[in-house]
Number of protein chains: 2
Amino acid sequence: MKVVALTGGVGGVKLAHGLSQVLPPHTLTVIGNVGDDFEYYGLHISPDLDTVMYTLAGIVNPITGWGQNNETWQMKTMLQTYGEDVWFGLGDRDLATHILRTDWLRRGYRLTEITLHLAEQLQIPHTILPATDDRLRTMVQTVEYGLLPFQEYFVKHRWQPIVSDVSYDGAETAKVSPEVLEAIQQADLIIICPSNPILSIAPILAVQSMRELLMSRSVPTVLVSPLIGGKAIKGPTDKIMRELGYIPSTIGVVQFYEGLLDYLIIDVADASELKTVQELYPKLQILQTSTLMQTIDDRISLAQYVLACLENEEIR
Amino acid sequence: MKVVALTGGVGGVKLAHGLSQVLPPHTLTVIGNVGDDFEYYGLHISPDLDTVMYTLAGIVNPITGWGQNNETWQMKTMLQTYGEDVWFGLGDRDLATHILRTDWLRRGYRLTEITLHLAEQLQIPHTILPATDDRLRTMVQTVEYGLLPFQEYFVKHRWQPIVSDVSYDGAETAKVSPEVLEAIQQADLIIICPSNPILSIAPILAVQSMRELLMSRSVPTVLVSPLIGGKAIKGPTDKIMRELGYIPSTIGVVQFYEGLLDYLIIDVADASELKTVQELYPKLQILQTSTLMQTIDDRISLAQYVLACLENEEIR
């Protein structure tokens, strides 16, 4: 059985981590968002891919959910000594990833090749792929500051500005890589992790022919809702949905993914919405469980629950 | 009184440091070797300029004489985790310098502008200038490994290969910067620090019209011999002089700088050579003192001794 999981950073990756613990080696492919990528001091930073990689390698900072464990900040401190206003966390260990990636991109390697190599060196027994090798950047139109590159909206301004539009610069020419194409074609199950639909999953779906590729599959697609009781655990999912005119609830999330989903897993806290969603989407199989992932056991339990969808499918 | 000092890395910078402690603010210009510069993982590294800067800022590692004090090696350790064979010391604090310099060079700033800015941020009350803004690279022809870029000879192979030739790639087109030109034209005294003549000072002199500029000056030029008792304190000065056919002694050093020197300061351990050198170079004023700089007081004493050459000059 081959599984593909689409994910963004901190939130969705918890499920990807659970899946990596439950699935046999080399059966999981995590397709990560690159809309968050940016250049900072000339370094190519891929925050979501790094979060996936560090988490699956077991070296992520367990408190923040991003960056490395046992991290230090000497380089950043020295940049500040040089008078720099450093608004993005550049940890010393983390820097190795940015420096290698930047150097190899400059030498002409594809982001996919670099990501595969780094993950292999960290002995991750599964596959991590960027959604595309081409340049694709999430741009956030804000009321207060105008158009902002994603990291300036998210980190520099701590996702506080009001969002009037989100676009994916480069999406019109960004192509699905051969590796992503093969992974999706060979998948027996496609999972959309509980990531921010607009900021994390949409930039993956915005890659040329990605949505068509996913819709053309006959294997089931499962979404784990990113909301619990209509709210994001962390981050701006419900805030940004509201600002962009989506109903900040399960209904809004399903509407966003219209046509892509076979299964929907919602938290028990959202049980009251089940009936309405089912009436609107009669073909959708809706399941409810606890989707809060506070511990590693929670991640594993939810992963097992999600994978059970496939067994259910086979029984049908 | 304005003083210009030419220097390479660890050895010569001790005298530059002494001078910076003795001279009033903004009266010393240190012209640093850039022949050691190289790109490593896409980062532009200027080892000699960094050593000068860290030393004059009082943040150099006092044990090694290069790199920063209170340094950590997390990035390097992580590179090794990624399977990289890291042969050059990339300290975490040091990285800030490399990253800023690389980013600003990419944006079109000159190495001189960058060096001035970094030194200013570190509150160094004197001026540090690269010998040139243009690309100039010391290349070492070795018996064992053929032609090596300087750092591969010096760091990777720990200056053990036998050298058959040294060349300065780019020297034929490298120009003196406006800042270096002005500093030399305004100087009342030019000091050649006790650096390796072939590896540290020659790449400075190899810049187009640098030698002519120095020779056209009517102010005195003082060399502090890099040898004590015919040997380098550290590093390959005597070894490489021997390999390239120079007499590894004061005579060989003076021969190397032929025509440039008005004063020569040698260590008392080399007193036996004084008579021969004086006979060969009757116009050269030769002085002897202890040139070993083990403590900060040694650096200051030697700096004061060197500066006394100028007073001597004024009396004449």
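Located above this text is the structure these notes cover.
Residues numbered from 1 in each chain as written. Chains lettered and ligands numbered in written order. Predicted model: local features only at pLDDT ≥ 70, side-chain atom pairs only at ≥ 80, totals over all residues.

**Q** Give a detailed account of the overall build of chain A, specifying residues and quantitative values.
**A** Assigned secondary structure in chain A consists of 13 helices and 14 strands. On C-alpha atoms alone, chain A measures out to a radius of gyration of 19 Å, which is about the 20 Å that the 2.2 N^0.38 rule sets for 316 residues. Along the first, second and third principal axes, the C-alpha atoms of chain A reach 60 × 45 × 40 Å. Burial status across chain A gives 47% buried among its 316 residues. Taking the contacts inside chain A whose residues are at least 6 apart along the sequence as the reference set, 67% of them involve residues at least 24 apart. (Helix = DSSP H or I, 4+ residues; strand = E, 2+ residues; numbered from the N terminus. Rg over C-alpha atoms; globule rule 2.2 N^0.38 Å. Buried ≥ 20, exposed ≤ 12 C-beta atoms within 10 Å, placed from the backbone. Contact = placed C-beta atoms within 7 Å.)

**Q** Requested: an account of the interface of chain B and chain A, with residues and values cited.
**A** With 21 residues of chain B in contact, the opposing surface of chain A contributes 21 residues. When residues of the side of chain B that touches chain A are traced back to their parent elements, those giving at least two are α3 (74-81), α4 (92-106) and α5 (111-121) of chain B. Top contributing element to the side of chain B that touches chain A by residue count: α4(B), with 9 residues. Looking at side-chain class alone, the side of chain B that touches chain A contains 10 nonpolar, 7 polar and 4 charged residues. (Nonpolar A, V, L, I, M, F, W, Y, C, P; charged D, E, K, R; others polar.)

**Q** Report on unusual backbone geometry, specifying residues and quantitative values.
**A** Residue and element names in this part refer to chain B. At Arg158, a position not held by glycine, the phi torsion is positive, near 50°. Mapped onto the secondary structure, Arg158 falls in the loop between α6 (150-156) and β8 (163-169). Backbone geometry places Trp159, a non-glycine residue, at a positive phi of 45°. One can find Trp159 in the loop between α6 and β8. Judged by the 18 C-beta atoms lying within 10 Å of it, Trp159 is partly exposed.

**Q** Go over the environment of Thr289(B), please, and point to the residues and values.
**A** Residues and elements named next belong to chain B. Turning to its location among the elements, Thr289 is positioned in strand β14 (residues 285-289). When the C-alpha positions of Thr289 and Asp262 are compared, they lie 17 Å apart, and in sequence the two are 27 residues distant. Residues within four places of Thr289 in sequence aside, it is in contact with Ile265, Val268 and Tyr305.

**Q** Can you tell me about the packing of helix α4 (residues 92-106) of chain A against α3(B), naming the residues and giving the values?
**A** A pair of packed helices is characterised by two quantities: the angle between their axes and the separation of those axes. In the contact formed by α4(A) and α3(B), the axes pass within 7 Å of each other and the chain directions differ by 55°. Between α4(A) and α3(B), the angle is such that the two are oblique. Pair α4(A) / α3(B) crosses with right-handed handedness. For the pair α4(A) and α3(B), contact is made by Asp92(A), Arg93(A), Leu95(A), Ala96(A) and Leu100(A) and by Gln74(B), Met75(B), Met78(B) and Leu79(B), respectively. A breakdown of the residues in the contact of α4(A) with α3(B) according to their chemical character gives 6 nonpolar, 1 polar and 2 charged. (Axes fitted to C-alpha atoms, helices over the stretch in contact; angles between N-to-C directions. Parallel < 35°, antiparallel > 145°, perpendicular 65-115°, else oblique. Left-handed = near helix turned anticlockwise from the far one by under 90°.)

**Q** Could you give an account of helix α2 (residues 47-57) of chain B, with specific residues and numbers?
**A** Residue and element names in this part refer to chain B. Counted residue by residue, α2 has 10 buried out of 11 residues, so it is predominantly covered. Among the residues of α2, those classed as buried are Pro47, Asp48, Leu49, Asp50, Thr51, Val52, Met53, Tyr54, Thr55 and Leu56. Among the residues trailing α2, Gly58 stands out with phi positive, at a value near 75°.

**Q** Tell me about the nonpolar core, and name the residues and values.
**A** Residues Ala5(A) and Ala5(B) are the most contacted members of the largest nonpolar core, which totals 171 residues. Each of domain 1 (3-64 + 95-135 + 170-315) and domain 2 (137-165) of chain B gives at least three residues to this core. Every residue in contact with Ala5(A), bar those within four places of it in the chain, is listed here: Ala16(A), Leu19(A), Leu28(A), Val30(A), Ile191(A) and Cys193(A). (Core = buried A, V, L, I, M, F, W, Y, C linked by C-beta atoms within 7 Å. Domains from an automatic or database assignment.)

**Q** Let's hear about the packing of helix α1 (residues 10-22) of chain A against helix α2 (residues 47-57) of chain A: which residues, and what values?
**A** Residues and elements named next belong to chain A. Two elements in contact, α1 and α2, have axes whose closest approach is 9 Å; the angle formed by their N-to-C orientations is 35°. Here α1 runs over α2; the crossing is right-handed. Two secondary-structure elements touch here, α1 through Val10, Val13, Ala16, His17 and Ser20 and α2 through Thr51, Val52, Thr55 and Leu56. In the contact of α1 with α2, the residues fall into 5 nonpolar, 4 polar and no charged.

**Q** Just give me the short version of the sheet that holds strand β6 (residues 137-142) of chain B, but keep the residues and values in it.
**A** Residue and element names in this part refer to chain B. Taken together, 3 strands build an open sheet; the order of strands is β7-β6-β8 and the sheet is antiparallel. Both edges of this open sheet fall to β7 (146-149) and β8, since each of them pairs with a single strand only. Averaged over all pairs of adjacent strands, the angle between strand axes in this sheet comes to 25°, irrespective of strand direction. Here β6 pairs with β8 via 6 bridges, running antiparallel. Bridging from a neighbouring strand, Gln141 pairs with Asp165 of β8. (Pairing = 2+ DSSP bridges.)

Geometric values such as these leave the question of function open.
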